[in-house]
Amino acid sequence: MPAADQSHAVVYTARRIARHVRWARTEGLRRLVEEDRLNPVERAATAWAKRRWRRAHGVTPGRAVPVYVVGLQRSGTNMLMRGLDAAPEFQVHNENDRRVFHRFQLRSDAVLGAAVRASRHAYVIVKPLCETHRVDELLALPGLPPGRALWVWRDVDDRARSEVAKFGTANLDALRAIAEGTIGERWQGQRLDAESRALVGGFDYTAMSPHTAAALFWYVRNDMFFRLGLDRRDDVLLCSYDALVADPEKVTRRLCDFLDLPFDPRLCAHVERRTPRRRPLEVDPRVRALCDELTERLAAHA
């Protein structure tokens, strides 16, 4: 068994390296360094600022407020996390933090709870994208202060374009497995109701393009915001990536109000203000209609 596990780890690592190489080639090395926070100078400065904050203002262990950043991969969560990490009040556990995550998935609720309770920061930010469908359960974990959740969403076409550029046919493969009933316990198939499974099962994945699959996956995952009743909760904030880049300060002030945190310009200093331009992809008309309807619902709620 150890040999098999080691072999699987080698394959997993090789795939990650290949994906990063492809991403660096298509988007540029600078983009990769920024997205994965690979700049050692920036990381050291951030760590030092947090250490100084703990010495001067550190809270008693067990009082830190958990904040879950959820949504869908390639939706701008890294940009949001980078801003939050700039504030020393926040302890950040991103998906590549091995203390809390294993291969981008939470190790366990017990490990997560222990990490939050041990913190001396005011807030503990966790980004469990693969567990987005469990955000209501994470907010109800016993033994933790009442938490908050930030659900981040992005224009479906931009997200699909970014998803396929970095992950290829990953969404197409997952949807096919859901339709065929072979998804097993993988996160992509969890907490899907009968209606969602029937929807996924109604397409021909031998003829579907990767971009159409990415758009359909966007619909299935973001539709959970309403299916889980999160639109009726005051501890969940719907955050638009496109709104953030269009007006960084306005959106960041809204986020600070939600977290009961004074506004700090550092939280959005890294965001380059721009007007998003929608560039529609060629996708299945049925998927386009679903995504357009959900986009209207998300925008109306936000």
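Structure: see above.
Q: For the pattern of salt bridges, give the residues involved together with the corresponding values.
A: All chains considered together, the criterion is met by 27 salt bridges. Across the pair R227 and D223 runs a salt bridge whose closest N-O atoms are separated by 2.4 Å. Residue classification places R227 among the partly exposed positions, given a relative accessible area of 34%. Overall, the relative accessible area of 4% leaves D223 in the buried class. Salt bridges sharing partners connect three or more residues here, namely D193, E195, D223, R227, E293 and R297.

Q: How would you summarise the nonpolar core if you had to cite specific residues and measurements?
A: Within the largest apolar cluster, 56 residues are counted, with the highest numbers of intra-cluster contacts made by Y68, L112 and W218. Counting residues per element, this core draws most heavily on helix α10 (residues 210–222), which supplies eight residues. Contacts of L112, omitting those with residues within four sequence positions, involve Y68, V100, L106, V126, L138 and L141. Counting residues in hydrophobic clusters, the runner-up holds 24 residues, among them V67, V92, C239 and L255.

Q: Help me get a handle on the packing of helix α7 (residues 156–167) against α10, residues and values and all.
A: Packing of α7 against α10 leaves a shortest axis separation of 9 Å and a crossing angle of 125 degrees. In terms of orientation, α7 and α10 fall into the oblique class. For the element pair α7 and α10, the recorded crossing hand is right-handed. Contacts from V156, R159, A160, R161, E163 and V164 of α7 reach α10 at P210, H211, A214, A215, F217 and W218. Each residue belonging to the contact of α7 with α10 can be placed in one class, and the counts come to eight nonpolar, one polar and three charged.

Q: Residues and numbers for unusual backbone geometry, please.
A: Leave glycine aside and you will find that most residues have negative phi; peptide bonds, for their part, are mostly trans. For F104, which is not glycine, the phi torsion reads 70 degrees and is therefore positive. With respect to the helices and strands, F104 occurs in the loop between β3 (101–102) and β4 (105–106). A positive phi angle, close to 55 degrees, is found at D260, a residue other than glycine.

Q: Residues and numbers for the pairing of strand β6 (residues 148–153), please.
A: Counting buried positions along β6 gives five out of six residues, so the element sits mostly inside the fold. Of the pairings in the sheet, the one linking strand β1 (residues 65–71) to β6 comprises five bridges and is parallel in character. Bridge pairing links G71 to V152 in β6.

Q: I'd like a rundown of the side chain of D157, residues and numbers included.
A: Positionally, D157 belongs in helix α7. Within the structure, D157 has its side chain in polar contact with the side chain of R288 (distance 2.8 Å).

Cut-off values and rules
- Residues numbered from 1 in each chain as written.
- Predicted model: local features only at pLDDT ≥ 70, side-chain atom pairs only at ≥ 80, totals over all residues.
- Heavy atoms only, no water.
- Salt bridge = Lys/Arg side-chain N within 4 Å of Asp/Glu carboxyl O.
- Buried < 20%, exposed > 50% of the residue type's maximum accessible area, 1.4 Å probe, protein only.
- Core = buried A, V, L, I, M, F, W, Y, C linked by side-chain atoms within 4.5 Å.
- Helix = DSSP H or I, 4+ residues; strand = E, 2+ residues; numbered from the N terminus.
- Contact = heavy atoms within 4.5 Å.
- Axes fitted to C-alpha atoms, helices over the stretch in contact; angles between N-to-C directions.
- Parallel < 35°, antiparallel > 145°, perpendicular 65-115°, else oblique.
- Left-handed = near helix turned anticlockwise from the far one by under 90°.
- Nonpolar A, V, L, I, M, F, W, Y, C, P; charged D, E, K, R; others polar.
- Pairing = 2+ DSSP bridges.
- Polar contact = N/O pair within 3.5 Å; in protein donor to acceptor, adjacent residues only side chain to side chain.

Keep in mind that these numbers describe shape and distance, not what the molecule does.
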